[in-house]
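Coordinate analysis (summary)
As a plain string of letters, each chain reads:
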Number of protein chains: 2
Amino acid sequence: MTQDPLQNLIRLLSKLPGLGPRSGRRIALHLLERKEEALSPLSAAFQDVAVKVKSCETCGNLDAISPCQICASPSRDVTQICVVEAVSDLWALERTGVFFGKYHVLGGTLSAMDGRGPEDLRLKGLFARVHSGVQEVIMALNATVEGQATAHYITERLSDFPEVHITTLARGVPIGGELDYLDDGTLMTALQSRRTV
Amino acid sequence: MTQDPLQNLIRLLSKLPGLGPRSGRRIALHLLERKEEALSPLSAAFQDVAVKVKSCETCGNLDAISPCQICASPSRDVTQICVVEAVSDLWALERTGVFFGKYHVLGGTLSAMDGRGPEDLRLKGLFARVHSGVQEVIMALNATVEGQATAHYITERLSDFPEVHITTLARGVPIGGELDYLDDGTLMTALQSRRTV
């Protein structure tokens, strides 16, 4: 079946995150029924990103230039580095529009189970960057066991730089969150970290 | 933003059926993080289908050859034509594995609202095919108002061929369907079309 170009396309589409055989077929048909308006531009975009987009050698962000736009920007604060697991987290933080420092994308978390050690993450680059005038490192890792273990490891390693202030994202009730539906851990943290209004 | 190859890819992916900005970003990142394993094969598959896959000149199916594999197959019954709205419907019927005749894909339905008349569908080809020894035309159109109006129109036109038997898909309770949750129309039809067990 994989010799058939159409079945091959459906198979590849079905393997994309969040898609399955049904949505793969649907998208393949959509594209084939709109060769000019949908298939050609997407095909061109694929070749375009394949050639142009690369990991920023400084921070690990994906961009058409390296160093990336954020690393290259003179208007962003070089004294703050926000450490994230993945490029998607960087994008999520950028959408908030409230952070004007630089980023560092680890490319994953430490995981004994999956056999990922410190050498598998973009850690050497991070420590090298901290040498040069960084005042704050913000640990914006996921609030998962592995994310927190990784944050702990980095914090330990950064204790060699006492002049660097290490912070982490606030924990608490999310916007629109109902207390009754919140897990106990989050509610407990929110109560302990209560603020004066 | 559209000059940026990455933003352009995300924009195009987000417009695919069933996807949005979030899934578009997720798929773009997935592809860029796996250039060799995911991006290249998919990009090649896109170019492959763009060049090779075309509408079958006989039935309107999509295939790498025209006439398509079904039209070209000597083992399929030329006396039966199953009329469907879209290629996805043809695929759905093929997956059942119980139909061994030929197909005819209309490419839509008649729709006064959307301004689609008989000349916008693959009807001329259908009537031309019915001339040549066809014994049964199965109306496998969607059970929507437009699908049924289209089926009605075709049935009318085919009354010029009294030797052709025109049938339609059975209506009734779907497998696993609970009577309590079924719409009244379906339940009524199922009751009226009841069968001896």
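The residue count restarts for each chain, going from 1 along the sequence in the order it is written. Think of it this way: whatever chain is written first is A, whatever ligand is written first is 1, and the rest follow in order. Residues qualify for local features only when their pLDDT is at least 70, as the model is predicted, and side-chain atom pairs are given and counted only at 80 or more; totals for whole chains, interfaces and linings, by contrast, use all residues. Hydrogens and waters are ignored; side-chain quantities use all the structure's heavy atoms.

The name an unreviewed UniProt entry gives chain A is Recombination protein RecR, with Candidatus Bealeia paramacronuclearis as the organism.

**Focus on the relation of the copies chain A and chain B**
The operation relating chain A to chain B is a screw motion whose rotation component is 180 degrees, with 0.0 Å of axial translation and a residual RMSD of 0.0 Å. Read as a symmetry element, the transformation amounts to a two-fold axis. Proximity to the rotation axis, assessed at the C-alpha, singles out S43 of chain A in chain A; its C-alpha lies 3.1 Å from the axis. The superposition of copies rests on a least-squares fit of C-alpha positions from residues with pLDDT of 70 or more in both.

**Notes on the packing of helix 3 (residues 35–52) of chain A against helix 3 (residues 35–52) of chain B**
To obtain an axis, a line is fitted to C-alpha atoms, over the contacting stretch when the element is a helix, and the angle between two such axes runs from 0 to 180 degrees between their N-to-C directions. Secondary structure elements follow DSSP: runs of H or I no shorter than four residues count as helices, runs of E no shorter than two count as strands, and numbering proceeds from the N terminus. Between helix 3 of chain A and helix 3 of chain B, the least distance of the axes is 10 Å, while the angle of their chain directions is 145 degrees. The way helix 3 of chain A lies across helix 3 of chain B gives a crossing that is left-handed. Across the interface between the two elements, K35, L39, L42, S43, F46, Q47, V49 and A50 of chain A of helix 3 of chain A pack against K35, L39, L42, S43, F46, Q47, V49 and A50 of chain B of helix 3 of chain B. Each residue belonging to the contact of helix 3 of chain A with helix 3 of chain B can be placed in one class, and the counts come to 10 nonpolar, four polar and two charged. Two helices that cross are described as forming a left-handed crossing if the nearer one is turned anticlockwise from the farther one by less than a right angle, and a right-handed crossing if clockwise. We call two residues in contact when some of their heavy atoms are within 4.5 Å. Ten residues, namely Ala, Val, Leu, Ile, Met, Phe, Trp, Tyr, Cys and Pro, are considered nonpolar, four, namely Asp, Glu, Lys and Arg, are considered charged, and the remaining ones, Gly among them, are considered polar.

**A word on the packing of aromatic side chains**
Residues and elements named next belong to chain A. Between rings of Phe, Tyr and Trp, where Trp is taken as its six-membered ring, a pair exists when centres lie within 6.5 Å; planes separated by under 30 degrees are stacked, by over 60 edge-to-face, and by other angles tilted. Under the counting rule described, the total for this entry stands at three aromatic pairs over all chains. Ring plane angle 65 degrees and centroid distance 5.2 Å describe the contact between F99 and Y103, whose orientation is recorded as edge-to-face. Exposed residues in this analysis have more than 50% of their type's maximum accessible area, buried residues have under 20%, and partly exposed residues fall in between, with area computed by a 1.4 Å probe over protein chains only. With a relative accessible area of 0%, Y103 lands in the buried category.

**Here we look at the pairing of strand 5 (residues 136–139) of chain B**
Residue and element names in this part refer to chain B. Where burial is concerned, the two faces of strand 5 agree: the one with E136 and I138 and the one with V137 and M139 are both buried. If DSSP finds at least two bridges between two strands, the strands pair. Pairing of strand 3 (residues 77–84) with strand 5 involves four bridges; the strand directions are parallel. Counterpart to C82 in the pairing with strand 5 is I138. Judged from the four bridges that link them, strand 5 and strand 6 (residues 165–168) form a sheet pairing that is parallel. In the strand pairing of strand 6, V137 is matched with I166.

**Brief notes about the pattern of salt bridges**
The term salt bridge refers to a pairing of a side-chain nitrogen on Lys or Arg with a carboxyl oxygen on Asp or Glu at a separation within 4 Å. Evaluation of the coordinates by the stated rule reveals eight salt bridges over all chains. Here D48 of chain A ties to K52 of chain A by a salt bridge, and the two come within 2.9 Å at their closest N and O atoms. Taken together, the residues span about one helical turn, with D48 of chain A and K52 of chain A both in helix 3 at a distance of four residues. According to the relative accessible area criterion, K52 of chain A is partly exposed, its value standing at 39%. R34 of chain B serves as the salt-bridge partner of E33 of chain B, at 3.8 Å between the closest nitrogen and oxygen. For E33 of chain B, a relative accessible area of 45% corresponds to the partly exposed category.

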